[in-house]
Amino acid sequence: PISGLSVKGKDIYIDEVPFDQLNTARQIKLAVQLAVLRAKGQRLPVLFVDGAERLDEQAFGLLLQELKATGVQAFISRVTTGDLAVERATEDAVA
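Calculation notes
- Residues numbered from 1 in each chain as written.
- Predicted model: local features only at pLDDT ≥ 70, side-chain atom pairs only at ≥ 80, totals over all residues.
- Heavy atoms only, no water.
- Phe/Tyr/Trp six-rings, centres within 6.5 Å; stacked < 30°, edge-to-face > 60°.
- Lys NZ or Arg CZ within 6 Å of the ring centre and 35° of its normal.
- Pairing = 2+ DSSP bridges.
- Helix = DSSP H or I, 4+ residues; strand = E, 2+ residues; numbered from the N terminus.

Trainee: Looking at this structure, how should I read the packing of aromatic side chains?
Mentor: Centre distance and the angle of the planes are the two values used to describe a pair of aromatic rings. Scanning all chains against the criterion turns up zero aromatic pairs. In this structure, K8 is placed above the aromatic ring of Y13, and the distance from its NZ or CZ to the ring centre is 4.7 Å. The ring of F60 has R78 sitting right over it, with the charged end atom 3.8 Å from the ring centre.

Dropping the structure here:
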């Protein structure tokens, strides 16, 4: 159900581009899409997204929007230089 996804042998392709050659944002998007598909079949649909600091603000905002649309509870980690902070995505952050 993921557009452009194909598997050839042990290699994953998106629109005929090998996974390893995709940019980081697209790799994370694919990983999240797969995790969401798996989580939806569970009693507690939860997933954890690590490494979100590798996304620019636009890609991070798109990730939040896509996750909100799935109905799956997501925990997202981002490494920063500031103090430890725990935030909840608000309607403004994902609108």
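Picking up where we left off.
Trainee: Quick question: what am I supposed to make of the pairing of strand 2 (residues 11–14) here?
Mentor: Regular strands show a simple pattern: their side chains alternate between the two faces of the sheet. Taken together, the four bridges between strand 1 (residues 5–8) and strand 2 define a ladder with antiparallel strand orientation. From the neighbouring strand, S6 faces strand 2, where its bridge partner is Y13. Linking strand 1 back to strand 2 in an antiparallel pair, the connection comprises two residues, with G9 at a positive phi of about 65 degrees. Inspection of the sheet shows strand 2 paired to strand 3 (residues 17–18) by two bridges, in the antiparallel sense. Each bridged residue has a counterpart across the sheet, and for Y13 the counterpart in strand 3 is P18.

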